[in-house]
Structures are given as C-alpha cells and as structure tokens.
Amino acid sequence: MSAAVPTDRGPRYRLRGVVGTAVHWTVLLAIAALFLYPFAWLLSASLKPRGEVFDNALIPATPTPENYVTVWSELPLFSWVGNSLYIAILAAVLVALSSSLVAFGFAYFRFPGRGILFGLVLATMMLPGAVTLVPQYLIWNQLGLVGTSVPLWGINLFGSAFYIFLQRQFYLGLPRDLFEAGRMDGLGPWGLFRRIALPLSIPSFVIVLLFEFQASWNNLQASLIYLNGGAASGYTVPLGIASAMTKYSPTNGGHGDYQYVMVAALLVTLPMMLLFAVGQRYFVQGIATQARKG
Amino acid sequence: MAVTAIDPTTPSSAPEKRFSAPPPSRLRRMLRRPPRDRYNRREVVAAYLFISPWILGFLIFTVGAMVFSLVISFSHYNIAAGTIRPAGGANYAALFQDPKVPLALGNTLFYAVLAVPLEILVALGLALLLNRVRAGSGLFRTIYYLPKMTPAVATASVFLLLLNGNQGAINKGLALLGVDGPQWLVDPTWVKPSLVIMTLWGVSGTMVILLAALKNVPTDLVEAAMLDGAGAVRRFFSITLPMISGALFFNVIVLTIAALQVFDQAYLLFYRDQGGTAPDASLFYAVYLFQQAFRQFDFGFASALAWLIFVIILAISVVQVKVGNRFVYYESEERA
C-alpha cells in the first residue's frame, strides 16, 4: 500500500521508506528461513548415518550419500512410486476428462433443471467426506474391489465438483461466436466440445490435472482404507512411508534406521516440487479461483 | 450461496440485472409460455448426455451412499458374514454412552478453535507482507508455498523429530531463547498446539487466496483515503479489510470444515502404530471414526458417528454463514 505514497516529501520520509523496506525484507527473509528450515533439516538428515540422524546438525558430520542407494533395497520404494504414479496419472486424466464433459454440459446448453443441478454440484463441494466414507467402502467391497487400486481412482470417472466448477467458469468465458461458427461448419454438440471447447480450455484443464495429481499422490486415508493389510509392494507412497515410519522409528520400538524414512520422504516430495516449479502459475490461478466459488 | 447487495445504491453490473425480477407483465408472459418453447429437445438430450457422468456418480456415490449410510447407522452390519440386521437406535444410544465420543469431539473442536483463527491471522499477515513487495514477491510466494506441496507423510516424518521434547530442533531453538520447551507430542496440553504448528507450516494455500483478494482491492479507493489523511491502520480497517471480507469469510468456512475433519497428521503422529499408546488428547473425531470403521469393522457405529459430525459441521457452517453475511461486504455479485 505504501507503494502509492508520493516519495518527494522530504528526506525524513525517504529515510523512513528505506528503513521500512529493510525491516520488511528482513521479516520476509526470516519467515522464509522458518518455512525452509524443515526442508533443510530433512535434506541433511537424509545424508546422515544411523547414529547421527537426530543430531539436528544442518551439515552432516559424516556425510552418507550411500543412503540414497541403500534405500531402494531397504524399502520397496520403487513399487510405491510406481503404484502412486499409475494411480495419480489415471486419477488426474479421468477426473479432468469427466469434469470437462460435465462442465461443458452445464456451460453451453440450456435445459430444464440446470440451475438446480448445478446448485447440487456446488453443494457436494461442502459435503464432509465422513458421511460417504463407510458406504463407499461397502460399495467397493460389494464389487469385490477392496484391495485393488480401483477405489483410488474409480470415482474420478464421474467428475468432481470443484473441477466441474473450474472448467465451467472457463467455458463461460469463451466467446459464443466461436461455437456459432462451429455449428455453421456442421459440428454437432460432441464436435463443439471436442474441437472447440476442449482444445481452448487447456489452461484450466492443466490446473485440474495438477491439482488432482497432487491430491492423489498425497492421499493417505484412501490408501489406508483400501490397500492396507495387503502386500507392502502394493502400497502407495503415503501408505508405504507411513509403514516405514513405524518400522524405523526408534520411539516405538522400530529398527532405528530412520535415515531411510528421511531419504524416502525427500524423494517423494521432489516430484511435487517439480510439479510446482513447472506449473506454479496454474496452481496459483486454481487456488485463487476457489475464493470466487462461494 | 446467493448473496444480496447490502447497499442498494451500489451500481450493479449489467449481467446482474438479468437476475433481478422482471416487470410483472413480462413475468406473466414468461409463465404462460409453455416450457416446450423454451428448450430445444435435441439440445436438452445432448446436455443430459454430457452431464450424465456426474448424475450417475451423484446418485450412486453421494445420494445412494448417504441413504446407505443412514440405513447402516440403524443396523448391525457384519462384513465378514455379509449380513445386515436392524439395530433400531442402538448405535446412536451407544454414541451417547461412549466416553470417547465427547472426548474426540472436544479435542476436535478445541483444535479447530485454536487452528482456524491462527491460520487466518498468519495467512493474512503473510499476504499483507507479500502484497507490499514489488520485486521478489514471486520468489517469496514460491518459498512460502512449498510446504503446501509436501505430502503429509513427509511433513509428519520430519515434524515427529522436530517436535521431539528431548532432542527436537524446536526445543533446542527455544532453549537458545532461554525457554524450556514442552514435551510437544507427549504432554496432553501440547498435543494440539503441535498439530497447529504443522498446520501453520502449510498455511500458504489460504495465503494465496487472500493475496489474490488483496490484489483486487481497487488502488483508487486506497489513494482517495490517503488523500483524505487516513493512516495505514485506518486504511486497513476501513478499506482493505471490508474489501477482502468475502475471501476471509470463505476461508473461515472452508478451514473450519477441514479442521473438524483433521485426520492425516493426527493419524501419522499418534495412531500409525496399532499397538502403540496414544495420549487421549490426540484422539480426533475423524481418527476415532476411522478406527471404528476400518479397525473394529463396526460400520453401524461408525456411520452413526459420521452422521453426528455431519450434523455438527452443518450447524456450525449455517451459523457461520448467518453471522458472516452480516459482516461481509460483497462488492459485485459474481454469481457462480
């Protein structure tokens, strides 16, 4: 806000501005350090031998990069990452496609019940997951799919409220003339969606992909419910690391080789960092949209 | 959520006018017109085909699941035998006799009351700080956002050690300041503050929403106030705060719903190990529900638990909306 203050008010004001800026930057940097500290801690702990993991030194006394090699034989990390990648990609692509279809239906056509149905879409966004947790499990159980990865992506075939909302907003912003022209060229409803709406909505489509990939990659509870108790090689990343925490945590009688948990935690965080580095613009846009749905 | 402009003199935008009631004569004509005229049959069929995935999912996984859940909450469901027999109100009666239910509810509400205001304050503080810098704000935003990208398991595996009462880095840091840090994850008093610290580390999602709202505060308003001699504090409370009240309000509701369902961190820190003993103070509602359903396989009782928290969340949200609508200033009606 001070950006708009006229600066030629005399040296005293200018000095105050300089001091203010310095204080401001110091605060920003201090907070940044606070936010980054756990990452630095994680990185250095992952490079320490067993006896030094908990010593809080940011520079390992005995650097142990071998951890990054041993971890792959110590934990079935490769399977976990593979399973999580498969599920997250499938989940993201399916929900992006189905939500786009549904969103186009709501955005382009006029039909009886549109207002009420879209209201219901928005209402499901606020529905606490607790109520549907048990019955959804029983439904998948009836279908004999508990213990497989299907429940972790199957529901994405049916669209998801926030993504439908996001895609619909985007479609509503497209000029109507584009679709009129498409119709003149003989495109039917499917053609209008496939040839015009979908290609033009790539920016918001990417937002959906990124959001859902992240959500799926991090989803602990679904893995606990549907995959727990099976073979460890069938675990996802969150479930695998949770089990490794128990296995290696010295506080509740584990082996104490906690450095492997640290390596694994770092390795599964990296793809998310990469995702954010590539798609920061999309993430920020997508989050900012959330506030406007109310 | 439909909202009405508080100030009737606010000029409304053109598209919004379409939503206001048409003159009575036109209304009568609209009502008399048979519905067949208003819709193109082929268009209607196409539209329903497009939205059919959602309708199907909604009927099975939302409505169907909710009805199913209600039925189960009045039944004894035996998953091994695949039998379901009526239980009357037994599950709900058990709910009110189980001392762990008020315990879990109390813990969860306590956590929410502690976490939500702090999240809002910290996120707003960070957003205000970032809004002031011109150069480098992108870099800081990235740094502040990284915790939000970190999987909950990774966060928990690090904070499990950072929060360790004896050798954890947080207590070592406090010792440097001359403060004797508590046994964060063991002392019942400090269990919930521990979780709040982890939550605050990932507060940047809220920060980004508030930052976007701050960017939308019209600069001419701020400048006009400045010319009128309003100080920074006055400008914040008279202009900035009202202008972002919508986003703040939205965040309060969403964060409250999330806080009342807190699961990941509580589970990872205290209930990961099934044989382990966790302090009573760490029993959160979602964790207890999870245990009852997927460890005890008492689906009837778990469903009753689910409906209780559903009603509580709904009631809290309704109160928040009622109270919020009194304070929130909506600049333009951007209807979804």
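Residues numbered from 1 in each chain as written. Chains lettered and ligands numbered in written order. Predicted model: local features only at pLDDT ≥ 70, side-chain atom pairs only at ≥ 80, totals over all residues.

Q: Would you explain the overall build of chain A in this entry?
A: When helices and strands are tallied, chain A shows 13 helices and zero strands. In chain A, the order of α-helices and β-strands from amino to carboxyl end is α-α-α-α-α-α-α-α-α-α-α-α-α. Seen along its three principal axes, the alpha-carbon backbone of chain A occupies a region of about 75 × 70 × 35 Å. Within chain A, the fraction of its 294 residues that count as buried is 43%. Sequence separation of at least 24 residues holds for 67% of the intrachain contacts in chain A that already meet a minimum separation of 6. (Helix = DSSP H or I, 4+ residues; strand = E, 2+ residues; numbered from the N terminus. Buried ≥ 20, exposed ≤ 12 C-beta atoms within 10 Å, placed from the backbone. Contact = placed C-beta atoms within 7 Å.)

Q: I tried to follow the overall build of chain B on my own but got confused; where do I start?
A: Check the secondary structure of chain B and you find 16 helices and two strands. Looking at chain B as a whole, 37% of its 336 residues are labelled buried. Sequence separation of at least 24 residues holds for 70% of the intrachain contacts in chain B that already meet a minimum separation of 6.

Q: Please clarify how the domain arrangement of chain A should be interpreted in this entry.
A: When the parts of a complex come together, some accessible area is lost, and that lost area is often taken as the interface size. All names here are of chain A. Splitting chain A by domain gives domain 1 (2-66) and domain 2 (69-290). One C-alpha centre belongs to domain 1, the other to domain 2; they are set 33 Å apart. With nine residues of domain 1 in contact, the opposing surface of domain 2 contributes 10 residues. In the side of domain 1 that touches domain 2, the residues fall into five nonpolar, one polar and three charged. (Domains from an automatic or database assignment. Nonpolar A, V, L, I, M, F, W, Y, C, P; charged D, E, K, R; others polar.)

Q: Just to check I follow, could you spell out the interface of chain A and chain B for this structure?
A: Chain A puts 81 residues into the contact, and the matching count from chain B is 86 residues. Here the side of chain A that touches chain B takes 12 residues from helix α13 (residues 259-290) of chain A, the largest share from any one element. Here the residues of the side of chain A that touches chain B are counted per class, giving 58 nonpolar, 20 polar and three charged.

Q: Is there a simple way to think about the pairing of strand β2 (residues 83-86) of chain B in this case?
A: The side chains of a regular strand alternate between the sheet's two faces. All names here are of chain B. Where strand β1 (residues 75-78) meets β2, four bridges bridge the pair, whose relative direction is antiparallel. Counterpart to Ser75 in the pairing with β2 is Pro86. Between β1 and β2, which pair antiparallel one after the other, the connecting turn spans four residues, and Gly82 there sits at a positive phi close to 70°. (Pairing = 2+ DSSP bridges.)

Q: Is there a simple way to think about the UniProt feature "transmembrane region" (unreviewed entry) in chain A in this case?
A: Annotation from UniProt places "transmembrane region" (unreviewed entry) at residues 22-43, 85-109, 116-139, 145-166 and 258-278 of chain A. In this annotation, residues 22-43 of chain A is assigned 100% helix and 0% strand; the end-to-end C-alpha distance for the span is 30 Å. (UniProt positions renumbered as here; feature names shortened; annotations may be inferred.)

Q: What am I meant to see in unusual backbone geometry here?
A: Most of the time, phi is negative for any residue but glycine, and the peptide bond is trans. With a phi angle near 65°, Asn56(A) is a residue other than glycine that sits in the positive phi range. Assignment of secondary structure puts Asn56(A) in the loop between α1 (11-45) and α2 (67-74). For Phe297(B), which is not a glycine, the phi torsion comes out positive at approximately 55°. As for its placement among the helices and strands, Phe297(B) is situated in the loop between α15 (285-294) and α16 (299-327).

Q: Would you mind showing me how to read the nonpolar core here?
A: Nonpolar side chains in soluble globular proteins generally cluster together in the buried interior. Counting 169 residues, the largest nonpolar core has Ile241(A), Val261(A), Ala264(A), Ala265(A), Leu210(B) and Leu289(B) as the members making the most contacts within it. Ranked by the residues each element gives to this core, the list is headed by helix α3 (residues 77-108) of chain A, at 16 residues. Residues lining this core come from more than one domain, with at least three contributed by each of domain 1 (2-66) and domain 2 (69-290) of chain A. Discounting chain neighbours no more than four positions away, the residues touching Val261(A) are Ile241(A), Ala244(A), Met245(A), Tyr248(A) and Ser157(B). (Core = buried A, V, L, I, M, F, W, Y, C linked by C-beta atoms within 7 Å.)

Q: Would you explain the confidence of the model for chain A in this entry?
A: Detailed reading of the predicted model is not advised wherever pLDDT is low. Residue and element names in this part refer to chain A. Mean pLDDT over chain A stands at 89; residues scoring 70 or higher make up 92%. Model confidence for chain A, summarised as mean pLDDT per element, is weakest for α1 at 87 and strongest for α3 at 97. A low-confidence stretch, residues 1-8 stays under pLDDT 50, and its non-local contacts, those more than four residues away or across chains, total 13 contacts. (pLDDT = per-residue confidence, 0-100.)

Q: Is there a simple way to think about helix α11 (residues 204-215) of chain B in this case?
A: Compared with the 16 Å implied by 1.5 Å per residue over 12 residues, the 16 Å span of α11(B) between its first and last C-alpha is a close match. With respect to burial, α11(B) is a largely interior element, 10 of its 12 residues being buried. Taken residue by residue, α11(B) has Ser204(B), Gly205(B), Thr206(B), Met207(B), Val208(B), Ile209(B), Leu210(B), Leu211(B), Ala212(B) and Ala213(B) as its buried positions. Turning to α11(B), the residues buried within the fold contact α13 of chain A together with α6 (100-132), α7 (137-149) and α13 (232-260) of chain B. (Expected span 1.5 Å × (residues − 1).)

Q: Help me understand the confidence of the model for chain B, please; the structure alone is not making it clear to me.
A: Taken residue by residue, chain B gives an average pLDDT of 86. The fraction at 70 or more is 86%. Low pLDDT (under 50) marks residues 1-20 of chain B, which in the prediction has 14 contacts with non-local residues, meaning those over four places away or in another chain.

Q: What should I look at first to understand the packing of helix α7 (residues 161-172) of chain A against helix α10 (residues 202-218) of chain A in this one?
A: Relative placement of two packed helices is described by the angle separating their axes and the distance separating the axes. Residues and elements named next belong to chain A. Two numbers describe how α7 lies on α10: the axes approach to 9 Å, and their chain directions differ by 170°. On the basis of their axis angle, the class for α7 and α10 is roughly antiparallel. Between α7 and α10, the contacting residues are Tyr163, Leu166, Gln167 and Phe170 on the first element and Ser204, Ile207 and Val208 on the second. Considered class by class, the residues forming the contact of α7 with α10 number five nonpolar, two polar and no charged. (Axes fitted to C-alpha atoms, helices over the stretch in contact; angles between N-to-C directions. Parallel < 35°, antiparallel > 145°, perpendicular 65-115°, else oblique.)

Q: Sorry, what's going on with the packing of α3(A) against helix α4 (residues 41-73) of chain B here?
A: Between α3(A) and α4(B), the least distance of the axes is 7 Å, while the angle of their chain directions is 140°. Judged on the interaxial angle alone, α4(B) and α3(A) are oblique. The hand of the α3(A)/α4(B) crossing is left-handed. On α4(B), the residues that touch Ser98(A), Leu101(A), Val102(A), Phe104(A), Gly105(A) and Phe106(A) of α3(A) are Ala47(B), Phe50(B), Ile51(B), Pro53(B) and Trp54(B). The residue makeup of the contact of α3(A) with α4(B), split by class, is nine nonpolar, two polar and no charged. (Left-handed = near helix turned anticlockwise from the far one by under 90°.)

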